[in-house]
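# Structure at a glance
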Protein chains: 2
Amino acid sequence: MQLTVAATQMACTWDVETNVAIAEGLVREAAAAGANIVLIQELFETPYFCISEKSGHFDLAHEVDGHPTLKRMQALARELGVALPFSFFEKAGLAHYNSVIMIDADGSIAGHYRKSHIPDFPLYEEKFYFSPGDTGFRVFDTHFGRVGVAICWDQWFPEAARIMTLMGAEILLYPTAIGSELDKPEFDSKNHWQMTMRGHAAANILPVVASNRIGRETDGELMIDFYGSSFIADETGALLQEADRDTQGILVHSFDLAKIAQYRREWGVFRDRRPDLYGPLLTLDGYTTPRNG
Amino acid sequence: MQLTVAATQMACTWDVETNVAIAEGLVREAAAAGANIVLIQELFETPYFCISEKSGHFDLAHEVDGHPTLKRMQALARELGVALPFSFFEKAGLAHYNSVIMIDADGSIAGHYRKSHIPDFPLYEEKFYFSPGDTGFRVFDTHFGRVGVAICWDQWFPEAARIMTLMGAEILLYPTAIGSELDKPEFDSKNHWQMTMRGHAAANILPVVASNRIGRETDGELMIDFYGSSFIADETGALLQEADRDTQGILVHSFDLAKIAQYRREWGVFRDRRPDLYGPLLTLDGYTTPRNG
């Protein structure tokens, strides 16, 4: 089973229509290059509004039912025959989530995931907007194989990657929004960011793809330079393709999923796991009984 | 808190006294270079006897009490003031384990770990010799900080690295024996091997050190070329130092553990974990209820 996957990267403004049009153009470009699955970056309809805490931004959220961009992306997926993980700010009754809908190649919805790990840092104030997801980790059966999708901060957690792999994912996709940090002009997390996900690829023996945004976004004095560097890594964590820090575009690569599945099985790690010893993973501090109780 | 760590690599023969003398020489060299902790490779007293299944090799195992190499390493650690994780084939009553004793800088025993994940492949027939360890993952309080040690195949499991980190490890050490595979002259796992552990470093935000053996070992028609490539990675997974594939020697690097601990805390992953969603990690197939039951 040959899978061709694409990662896109782009800058975003407050002109939603333009952002969606650019994303659509990149998806068309990727499909023309043979892509079966196209990964668009996190929350691409708008600037990364979590740069600050503003209650007005809750108006940006949409219910799944009737979200116009979702409908447009479903039509696009169907037209091009590509699977599209669609990242958006979800309103669900009184709750708000950072979510992905997996759109399959016939335009149908293959499933829904709500970001589990929510960051909270200066410039990345996601805990103000999003409740921690309640779906658990998800994999999606698409026309092109079983795909695991998690969202940005989730990419820092080996637990999420491992669980999606255990659930049968054949490739992991991470829509992302990451760049510079407040008052740290020298600091650059790009290599650390890639290395963590390349480690997931190596440990779980499957390809990993990340799409990140580019461009400078500001809110008053606040500013993020998103560093792009979207990439595709193979099942050993080797970096196959990497975008630069500021160019809009796509990456495309084909994988032989059957061959990778065979290697994953041969390598034996999924035979030799020790769930009986993994209890501490279900704690925050490594102790399975409370230390002060 | 400054920690200087060393990794060693060497070839081994069936002359145990010579192997131990070479290891001692490398430890002395590392101590002279300022090392506080010196990591010797896995099962360095002998060739990697797991290349084949021979019941006679069970005679190579020692009880902890009275193991002459352990005593010698304790004296060496005390003399030089270095902490030494000592890898050996352990006999414990009727059971046999692939174990490490952490020797602290005063020669005392800081703790004991039995390899949890046991491989079983042609040339790496460990399941014939070793029961899966019953200690769970361990961290050791040494004069130089809290150190996590796991053994070779354990290094492929993000669960082990994460648990040691949750338990307070400030650095992870992996004594190793890995090289070529049977009937796969073209195959080379070196980069994959390093990448998996560099991923643990990046995801857990701590340095990782691996010591691997070098040299060709044979048993009749069977043959392994151990590929060395011992390395030291920093808390972002960057490769700071790497040995070549066939040279005996040491790597030495100093880390500011307090600075790394501060970065680990700032980065926030240990605030945002979701143990409530990690139940599937305690299964082999990702399903928390049996699928055929």
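Note that this is a predicted model, so its numbers are computed, not measured.

Attention shifts here to empty space enclosed by the protein. The gaps of empty space that remain are located by a probe, the size of a water molecule, rolled over the atoms. Evaluated as defined, the whole model comprises four cavities of 30 Å³ or more. Taken as a whole, the largest cavity encloses approximately 130 Å³ of empty space. If you go around the largest cavity, you meet 14 residues; those closest to its centre are Pro119(B), Phe121(B), Tyr124(B), Trp153(B) and Ile178(B). A breakdown of the residues in the lining of the largest cavity according to their chemical character gives 10 nonpolar, one polar and three charged. Roughly 110 Å³ of volume is contained in the second largest cavity. Tyr48(A), Pro119(A), Phe121(A), Tyr124(A), Glu126(A), Cys152(A), Trp153(A), Trp156(A), Ala177(A), Ile178(A), Glu181(A) and Trp267(B) are the residues that line the second largest cavity. In terms of residue class, the lining of the second largest cavity is made up of 10 nonpolar, no polar and two charged.

Turning our eyes to something else, we now look at the relation of the copies chain B and chain A. Comparison of the two chain copies shows a relationship of rotation about an axis with a shift along it. In screw terms, the move from chain B to chain A is a rotation of 180° and a rise of 0.0 Å along the axis, fitting with an RMSD of 0.0 Å. Taken together, these values place the two copies in the relation of a two-fold axis. For chain B, the smallest separation between a C-alpha atom and the rotation axis is recorded for Gly199(B), amounting to 1.8 Å. When you check the interface residues of chain B against chain A, 100% turn up at the interface there too, and the contact is symmetric in its surfaces.

Quick look at the layout of surface pockets now. The computed volume of the largest pocket comes to approximately 360 Å³. In terms of lining, the largest pocket is formed by 14 residues, of which the most central are Glu235(A), Thr236(A), Lys259(A), Tyr263(A) and Phe187(B). Secondary-structure elements contributing two or more residues to the lining of the largest pocket are helix H6 (257–267) of chain A together with helix H5 (190–204) of chain B. If one sorts the elements of the lining of the largest pocket by residue count, H6(A) sits on top with five residues. In the lining of the largest pocket, the residues fall into three nonpolar, five polar and six charged. As a volume, the second largest pocket reaches approximately 280 Å³. Taken together, 18 residues form the lining of the second largest pocket, with Ser180(A), Glu181(A), Pro185(A), Met223(A) and Asp225(A) sitting closest to its centre.

With that settled, consider the packing of helix H5 (residues 190–204) of chain A against H5(B). The interhelical angle for the contact between H5(A) and H5(B), taken along N-to-C directions, is 130°, at an axis separation of 7 Å. In this view, H5(A) runs oblique relative to H5(B), as classed from their interaxial angle. H5(B) is crossed by H5(A), and the crossing has left-handed handedness. Mapping the contact onto sequence places His192(A), Met195(A), Thr196(A), Arg198(A), Gly199(A), Ala202(A) and Ala203(A) in H5(A) and His192(B), Met195(B), Thr196(B), Arg198(B), Gly199(B), Ala202(B) and Ala203(B) in H5(B). Its residues assigned to classes, the contact of H5(A) with H5(B) shows six nonpolar, six polar and two charged.

Reading the values: the criteria
Residues numbered from 1 in each chain as written. Chains lettered and ligands numbered in written order. Predicted model: local features only at pLDDT ≥ 70, side-chain atom pairs only at ≥ 80, totals over all residues. Heavy atoms only, no water. 1 Å grid on protein atoms, 1.4 Å probe; cavity = no way out; pocket = protein on both sides within 12 Å on 5 of 7 lines; lining within 4 Å. Points joined across faces, edges and corners; volume = space filled by probe spheres on them. Nonpolar A, V, L, I, M, F, W, Y, C, P; charged D, E, K, R; others polar. Least-squares fit on C-alpha atoms with pLDDT ≥ 70 in both. Contact = heavy atoms within 4.5 Å. Helix = DSSP H or I, 4+ residues; strand = E, 2+ residues; numbered from the N terminus. Axes fitted to C-alpha atoms, helices over the stretch in contact; angles between N-to-C directions. Parallel < 35°, antiparallel > 145°, perpendicular 65-115°, else oblique. Left-handed = near helix turned anticlockwise from the far one by under 90°.

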